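# Summary of the model geometry
Each chain, letter by letter, is given below.
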Amino acid sequence: MSTQQTFTVDVPGAVLTYDVRLPDTPGGHPPLFLLGSPMAASGFVQLAGHLDDRAVVTYDPRGTERSTLAPDGEVSVELHADDFHRVVQAARELVGDGPVDVFASSGGAVNVLPWVVAHPEELGTVVAHEPPLWALLEDRDVQREVTQDIVETYQRDGFGPAMAKFIQVSMQDAPLTEDYLTQPAPDPAAFGLPTEDDGSRDDLLLNGNMKALPWFEPDLDALRGTTVRLVPAVGEQGPGTMPRRGGEALAAALGVEPVHFPGDHGGFASNEWSPGNDPAAFATRLREVLAG
């Protein structure tokens, strides 16, 4: 069992909400920060419940769920990374002054890389699970064009049409070719999405992260030389998908083999889209990887 406390911390351009779960019986492990993007703390509830032998920190990214984004606040890979640093510093009274371990998922696994470079002294093991690293992909140019089209679709037509395009490209299990750019736009209704534009343009994924992530270039020389134990990871399911290929590309760039986790891109959570995922098995594997 563990006890959860919730806090906020002011950062440039945002107010972040974060949670700290403290074990009733400490197991002598470093604190663990579970983070994603745009996934918030709610997406890690199942996984955190199976990691009650250590302090666990989760948070909502700027502009997501309980965290707010100022009217003039910005979103970038580097700002997310600085937010991680500030959350850990704010939580020090509860989690101690030593290095923290990190499990970073999806966009969070991209955003964590500048933190590794800027503050290696804060970190022990960092597991980067399926980072969508456009810059390292063989089809980066087409992927960037597709992403730019999704961003433009959101601004022009709203959430449903843009999210339908995002889901469709996320389902592709091979590198994209130029032919992908000429196919008809998917019907939002086919994915259970709204077809009418409600006028809002505040979705963090479509109006923030997807503007920033495709152009991020990781500092591979710094990552190769870091004192942080950086572990690229992929799910056992979903070979050929873009985030899976991103994890494999990061591993290749660092000269290591990617570590495999059970399940799909979100293998740490079982839900209506992925009922076969096993959070308990995922937690067991995560413990093994963190233990080295």
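Residues numbered from 1 in each chain as written. Predicted model: local features only at pLDDT ≥ 70, side-chain atom pairs only at ≥ 80, totals over all residues. Heavy atoms only, no water.

## As for the overall build of the chain
- Each helix and strand in the chain was counted, giving 10 helices and 9 strands.
- In terms of overall size, the chain behaves like a compact globule, its C-alpha atoms giving a radius of gyration of 18 Å where 292 residues would be expected to give roughly 19 Å.
- Its C-alpha atoms give the chain principal-axis dimensions of roughly 55 × 40 × 35 Å.
- In the chain, buried positions account for 53% of the 292 residues.
- Counting contacts in the chain only where the partners sit at least 6 residues apart, residues at least 24 apart contribute 70% of the total.
- Counting only carbon and sulfur atoms, one obtains 51% of the accessible surface of the chain, whose full area is about 12,600 Å².
- The chain carries 18 positive and 44 negative side-chain charges, and their two centres are separated by 3 Å. (Helix = DSSP H or I, 4+ residues; strand = E, 2+ residues; numbered from the N terminus. Rg over C-alpha atoms; globule rule 2.2 N^0.38 Å. Buried < 20%, exposed > 50% of the residue type's maximum accessible area, 1.4 Å probe, protein only. Contact = heavy atoms within 4.5 Å. Areas by Shrake-Rupley, 256 points an atom, 1.4 Å probe, with all protein chains shown as cover. Lys, Arg positive; Asp, Glu negative; His and termini not counted. Charge placed at Lys NZ, Arg CZ, Asp CG, Glu CD.)

## Considering the side chain of S274
- With respect to the secondary-structure elements, S274 resides in the loop between β9 (259-261) and α10 (279-291).
- Apart from residues lying up to four places away in sequence, S274 is in contact with D264 and A269.

## Some details on the packing of helix α6 (residues 159-170) against helix α7 (residues 204-212)
- Where α6 contacts α7, the axes come no closer than 11 Å and their chain directions differ by 50°. Taken together, α6 and α7 sit at an angle that is classed as oblique. Across the interface between the two elements, F159, A162, M163 and F166 from α6 touch L205, L206 and M210 from α7.
- Looking at the contact of α6 with α7 residue by residue, the classes come out as 7 nonpolar, no polar and no charged. (Axes fitted to C-alpha atoms, helices over the stretch in contact; angles between N-to-C directions. Parallel < 35°, antiparallel > 145°, perpendicular 65-115°, else oblique. Nonpolar A, V, L, I, M, F, W, Y, C, P; charged D, E, K, R; others polar.)

## Observations concerning the packing of aromatic side chains
- Going through the model one piece at a time under the given rule, you end up with 12 aromatic pairs.
- Look at F44 and F268: their rings are 4.9 Å apart centre to centre, the planes differ by 20°, and that puts the pair in the stacked class. One end of the pair, F44, is in the loop between β3 (32-37) and α1 (45-49); the other, F268, is in the loop between β9 and α10, and 224 residues separate them in sequence.
- Overall, the relative accessible area of 1% leaves F268 in the buried class.
- Arranged with centres 6.1 Å apart and planes meeting at 50°, the rings of F103 and F261 form a pair that is tilted. You can see F103 sitting in strand β6 (residues 100-106) and its partner F261 sitting in strand β9, a full 158 residues away along the chain.
- A relative accessible area of 0% places F103 in the buried class.
- Positioned above the aromatic ring of Y154, the side-chain terminus of R201 is 5.6 Å from the ring centre. (Phe/Tyr/Trp six-rings, centres within 6.5 Å; stacked < 30°, edge-to-face > 60°. Lys NZ or Arg CZ within 6 Å of the ring centre and 35° of its normal.)

## A look at a negative patch on the surface
- A surface patch of negative charge is lined by D141, E145, E178 and D179.
- Structurally, D179 can be placed in the loop between α6 and α7.
- On the basis of relative accessibility, which here comes to 60%, the residue D179 falls in the exposed class. (Patch = residues over 30% accessible without salt bridge, like charges linked within 9 Å, V, L, I, M, F, W, Y side chains within 5 Å. Salt bridge = Lys/Arg side-chain N within 4 Å of Asp/Glu carboxyl O.)

## Focus on the pairing of strand β1 (residues 2-11)
- Pairing analysis gives 10 bridges linking β1 to strand β2 (residues 14-23), with the strands arranged antiparallel. Along β2, the bridge assignment pairs T8 with T17.
- Counted along the chain from β1 to the antiparallel partner β2, the turn is 2 residues long, and its residue G13 has a positive phi close to 85°. (Pairing = 2+ DSSP bridges.)

## Some remarks on the side chain of D101
- Secondary-structure assignment places D101 in strand β6.
- Although D101 is buried, it forms no salt bridge, and the closest oppositely charged side chain is R54 at an N-O distance of 5.0 Å.
- A distance of 2.9 Å separates the side chain of D101 from the backbone nitrogen of T125, its partner in a polar contact.
- For D101, the contacting residues outside a window of four places in its chain are P30, P31, L32, F33, G124, T125 and L290. (Polar contact = N/O pair within 3.5 Å; in protein donor to acceptor, adjacent residues only side chain to side chain.)

## Focus: the packing of helix α5 (residues 140-157) against α6
- Where α5 meets α6, the closest approach of the two axes is 7 Å, and the angle between their N-to-C directions is 160°. Taken together, α5 and α6 sit at an angle that is classed as roughly antiparallel. Crossing angle aside, the handedness with which α5 passes α6 is left-handed. Touching Q143, V146, D149, I150, T153, Y154 and D157 of α5 are F159, P161, A162, K165, F166 and V169, all from α6. (Left-handed = near helix turned anticlockwise from the far one by under 90°.)

## A closer look at the pattern of salt bridges
- As enumerated under the stated definition, the model contains 14 salt bridges in all.
- Between D157 and R156 there is a salt bridge, with its nearest N and O atoms 3.1 Å apart.
- Of the residues examined, D157 reaches a relative accessible area of 29% and is grouped as partly exposed.
- Of the charged contacts in the structure, one is a salt bridge between D197 and R201, with a shortest N-O distance of 2.7 Å.
- Assessed through its relative accessible area of 36%, D197 is described here as partly exposed.
- Here the residues in one salt-bridge network are D19, D60 and R66, joined through shared partners.

Structural measurements only, silent on function.
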